[in-house]
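# Understanding the architecture of this molecule
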Amino acid sequence: MQLSEQQVRHFQTFGYLGMPKLFSADEIGWITEEFETAIQAYGGGKEHTGAKRTMFGAPIERTAKLCTLLDDGRIVGLLTGLLGKDFNYCSGDGNYYAGDTGWHPDGNWGQLFAVKIAFYLDPLTRNTGCLRVLPGSQDPEHYLRKHKIDMNKSLDLFGVAPRDFPGNVALETNPGDIVIFNHDTYHASFGGSTRRRMFTMNCTRGYQTEEDLALGHRYLSVHSPGGYNVDTGAGMFFALMLDTADEQRMHHLEQPALIHDELFPQLARRS
C-alpha cells in the first residue's frame, strides 16, 4: 500500500489520518480473537470490572498471529509513507478502556518523530467514546501550545465543556478502520462504555543522525519495557516477536532492541 500525496499532506498538516476499512470483516475478526486471547492471558482482562482502565504492554507481541501485523503490507506502507522505510517499531499497549480520557498528547517532540496506530475493536461514535483529535495541535506554534492552554479546564476558562472544545474532530470508527496520529497531537475520548477494546502500535522514524539517535535514547528510556521496569525476557521485545521475525521485520526491530539493551542491560536477553 502506498499513501497518496493528499493523505501524507493531511497527516503532516493536521497530525492524524483515518484509514476506513483497512482490514476486512474476516481480518478484524481474527485480530479481535487474538487480542482477546492476549488480554485474557497476559493483560488482566479476567479481572476487569469497568471501574478503571485495564492496560497491558506489547499486545501484538503476545501471539504469533498478531506479530504478523508488523509484516502486513498495509501497515508497512502506512508507516513507510509517513516515517520512511527505516521506521522503528517501539511496542504499544492493549486496553479495555473505561469512561472518559481527558485531552493529552503522547509526546512533545516538536516534530514528526513518533506515531501511534490505533485499532478500535468495537463500533465507536462521538457519543460512545470514539477518538477525538484537535487538528494541527502537533505544531509547536499551535495556539494551544503557545498560550499553554489546558483543554481539560475549558469549562472554567471558556464556559465550554472539554468534549466540545472548539475545532475538535470526532473520529467515529468501526472495527477494521485504523487511525494513525502524531504523538504530539492532542486527543481524547468522551462518553464511552466501561469495556472499550483498543490496542496500539507505536513507531518512530529511523535514527539516521546523531540528533535522531539522541531522540531515540530519550524515547526508549521512557516508552519501552525498561522504562516501565518490565522484564520481557528478551529486552525491548517479547521473545515471540523476535523469534518469528524475518529479515524485513528485523529491520524495524534492530535499532530499538540495541538501544534498549544499552539503556537497560539488566533486562537484555540472555542466550
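Let us look at the structure shown here. (Residues numbered from 1 in each chain as written. Predicted model: local features only at pLDDT ≥ 70, side-chain atom pairs only at ≥ 80, totals over all residues. Heavy atoms only, no water.)

## Description of the overall build of the protein
- In terms of regular secondary structure, the protein is built from 10 helices and 11 strands.
- In terms of overall dimensions, the protein is globule-like: its C-alpha atoms have a radius of gyration of 18 Å, near the 18 Å expected for 271 residues.
- Along the first, second and third principal axes, the C-alpha atoms of the protein reach 60 × 45 × 35 Å.
- Buried positions account for 53% of the 271 residues belonging to the protein.
- Sequence separation of 24 or more characterises 81% of the internal contacts of the protein that already satisfy a separation of 6 or more.
- Summed over its atoms, the accessible surface of the protein is roughly 12300 Å², and 51% of this surface lies on carbon and sulfur atoms.
- Considering the protein, the positive charge centre built from 25 side chains and the negative charge centre built from 33 side chains are found 5 Å apart. (Helix = DSSP H or I, 4+ residues; strand = E, 2+ residues; numbered from the N terminus. Rg over C-alpha atoms; globule rule 2.2 N^0.38 Å. Buried < 20%, exposed > 50% of the residue type's maximum accessible area, 1.4 Å probe, protein only. Contact = heavy atoms within 4.5 Å. Areas by Shrake-Rupley, 256 points an atom, 1.4 Å probe, with all protein chains shown as cover. Lys, Arg positive; Asp, Glu negative; His and termini not counted. Charge placed at Lys NZ, Arg CZ, Asp CG, Glu CD.)

## As for the sheet that holds strand S10 (residues 187-189)
- Across the sheet, which stays open at both edges, the four strands sit in the order S5-S10-S7-S8 with antiparallel pairing between neighbours. The open sheet terminates on both sides in strands that have one partner only, identified here as strand S5 (101-104) and strand S8 (169-171). Along the sheet, successive strands turn relative to each other by an average axial angle of 25 degrees, direction set aside.
- Across three bridges, the pairing between strand S7 (residues 131-133) and S10 is antiparallel. When the bridges of S10 are listed, Val133 appears paired with His187. (Pairing = 2+ DSSP bridges. Axes fitted to C-alpha atoms, helices over the stretch in contact; angles between N-to-C directions.)

## Things to note about the environment of Leu144
- Looking at the secondary structure, you find Leu144 in helix H5 (residues 143-146).
- Along the chain, Leu144 and Tyr186 lie 42 residues apart, while their C-alpha atoms are 9.5 Å from each other.
- Apart from residues no more than four positions distant in its own chain, Leu144 is found in contact with Leu134, Ser137, Ile149, Met151, Phe165 and Tyr186.

## Regarding the packing of aromatic side chains
- All told, the structure shown has 12 aromatic pairs when counted by the stated rule.
- Seen in terms of ring centroids, Tyr89 and Phe237 are 5.6 Å apart; in terms of plane orientation they differ by 20 degrees. Their pairing is stacked. Of the two residues, Tyr89 is situated in strand S3 (residues 88-89) and Phe237 in the loop between helix H7 (210-222) and helix H8 (239-243); the sequence distance between them amounts to 148 residues. Each of the two residues, Tyr89 as well as Phe237, counts as buried.
- Pairing Trp109 with Phe113 gives two aromatic rings, centres 5.1 Å apart and planes at 50 degrees, and the pair type is tilted. (Phe/Tyr/Trp six-rings, centres within 6.5 Å; stacked < 30°, edge-to-face > 60°.)

## Re the environment of Asn88
- Checked against the element boundaries, Asn88 lands in strand S3.
- Sequence separation of Asn88 and Arg205 is 117 residues, and the distance between their C-alpha atoms is 5.9 Å.
- Sequence-distant contacts of Asn88, that is, excluding residues within four places in its chain, are made with Asn202, Cys203, Thr204, Arg205, Gly206, Tyr207, His251, His252, Gln255 and Pro256.
- One polar contact links Asn88 to Gln255, side chain to side chain, over a distance of 2.9 Å. (Polar contact = N/O pair within 3.5 Å; in protein donor to acceptor, adjacent residues only side chain to side chain.)

## Quick word on helix H2 (residues 25-42)
- A rise of 1.5 Å per residue sets the reference length of H2, with its 18 residues, at 26 Å; its end C-alpha atoms lie 25 Å apart and thus fit the reference within 8%.
- Along H2, the residues that are buried comprise Ile28, Ile31, Thr32, Phe35, Glu36, Ala38 and Ile39. For H2, the arc enclosing every buried residue in end-on projection is 165 degrees, short of the 170-degree limit, so these residues lie on one face. Away from its buried face, by an angle of more than 90 degrees, H2 presents the exposed residues Asp26, Glu33 and Ala41. (Expected span 1.5 Å × (residues − 1). Arc of directions from axis to C-beta.)

That is the geometry; function is a separate question.
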